[in-house]
Amino acid sequence: IWRIEKAHARHVALQLPEGLLMYASAIGDILVKFAYRFRPAGDDTAEDSAPASVESLSVLGDVTYGACCIDDLSARALGCDLLVHYGHSCLVPLTCTVVPCL
């Protein structure tokens, strides 16, 4: 949630391994409900350009080579600002993705 707020993400993509896709709706609801929710009143550190909420969340259900494979190209095609990826580590550094990734 902190990373969504830090990235000022309006459109978030959620990628889960195939065995965890059944939880995608619940996790997505949590991210949408609680992102941008707990800003202290009168907080001068909050930037004016930050959105008031996550406007849309996309669940990436495409099959990838492995659970570690980040589908950042699909997230970019959907116009996502941030990709939340659940899976084990991969050899591709997260700094090499076309969409910011968590």
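This section reports on the structure supplied with the text.

Calculation rules
Residues numbered from 1 in each chain as written. Predicted model: local features only at pLDDT ≥ 70, side-chain atom pairs only at ≥ 80, totals over all residues. Heavy atoms only, no water. Helix = DSSP H or I, 4+ residues; strand = E, 2+ residues; numbered from the N terminus. Buried < 20%, exposed > 50% of the residue type's maximum accessible area, 1.4 Å probe, protein only. Contact = heavy atoms within 4.5 Å. Areas by Shrake-Rupley, 256 points an atom, 1.4 Å probe, with all protein chains shown as cover. Core = buried A, V, L, I, M, F, W, Y, C linked by side-chain atoms within 4.5 Å. Pairing = 2+ DSSP bridges. Axes fitted to C-alpha atoms, helices over the stretch in contact; angles between N-to-C directions.

### Examining the overall build of the protein
Phase 1 of the analysis: Scanning the protein for helices and strands turns up three helices and three strands.
Phase 2 of the analysis: Each helix and strand of the protein, placed in order from N terminus to C terminus, yields the pattern α-β-α-β-α-β.
Phase 3 of the analysis: Scored against the burial criterion, the 102 residues of the protein give a buried share of 32%.
Phase 4 of the analysis: For the protein, the share of sequence-separated contacts (at least 6 apart) that also reach a separation of at least 24 residues comes to 62%.
Phase 5 of the analysis: Surface accessibility of the protein: about 6500 Å² in total, with carbon and sulfur atoms responsible for 57%.

### Thoughts on the nonpolar core
Phase 1 of the analysis: In this structure, I4, A9, V12, L14, L16, A24, L31, A35, Y36, V54, L82 and V84 together form the largest nonpolar core, which totals twelve residues.
Phase 2 of the analysis: Elements supplying a minimum of two residues to this core: β1 (11-15), α2 (24-34) and β3 (82-85).
Phase 3 of the analysis: Each residue touching L16, except ones within four places of it in the same chain, is listed here: L21, Y23, A24, I27 and Y86.
Phase 4 of the analysis: Listed in part, the eight residues of the second largest apolar core include A13, L60, L83 and V99.

### Observations regarding the pairing of β1
Phase 1 of the analysis: Taken across its five residues, β1 has five buried, putting it largely inside the fold.
Phase 2 of the analysis: Judged by which residues are buried, β1 turns out to be covered on both faces: H11, A13 and Q15 on one side and V12 and L14 on the other are all buried.
Phase 3 of the analysis: Here four bridges tie β1 to β3, and the two strands are oriented parallel to one another. Paired with L14 across the strands is V84, a residue of β3.

### Points about unusual backbone geometry
Phase 1 of the analysis: Within the chain, H8 stands out as a residue other than glycine whose phi angle is a positive 55°.
Phase 2 of the analysis: Within the element layout of this structure, H8 appears in the loop between α1 (2-7) and β1.
Phase 3 of the analysis: Of note in this structure, Y36 is not a glycine but carries a positive phi near 65°.
Phase 4 of the analysis: With respect to the helices, strands and loops of the structure, Y36 is situated in the loop between α2 and β2 (56-60).
Phase 5 of the analysis: A relative accessible area of 6% means that Y36 is categorised as buried.

### Quick look at the sheet that holds β1
Phase 1 of the analysis: Read from one edge of the open sheet, three strands run β2-β1-β3, paired in parallel fashion. Looking at which strands have only one partner, the edges of the open sheet turn out to be β2 and β3. Across the sheet, the mean angle separating the axes of adjacent strands is 25° when strand polarity is ignored.
Phase 2 of the analysis: The pairing of β1 with β2 spans five bridges and is parallel. Opposite Q15, over in β2, you have L60 as the bridge partner.

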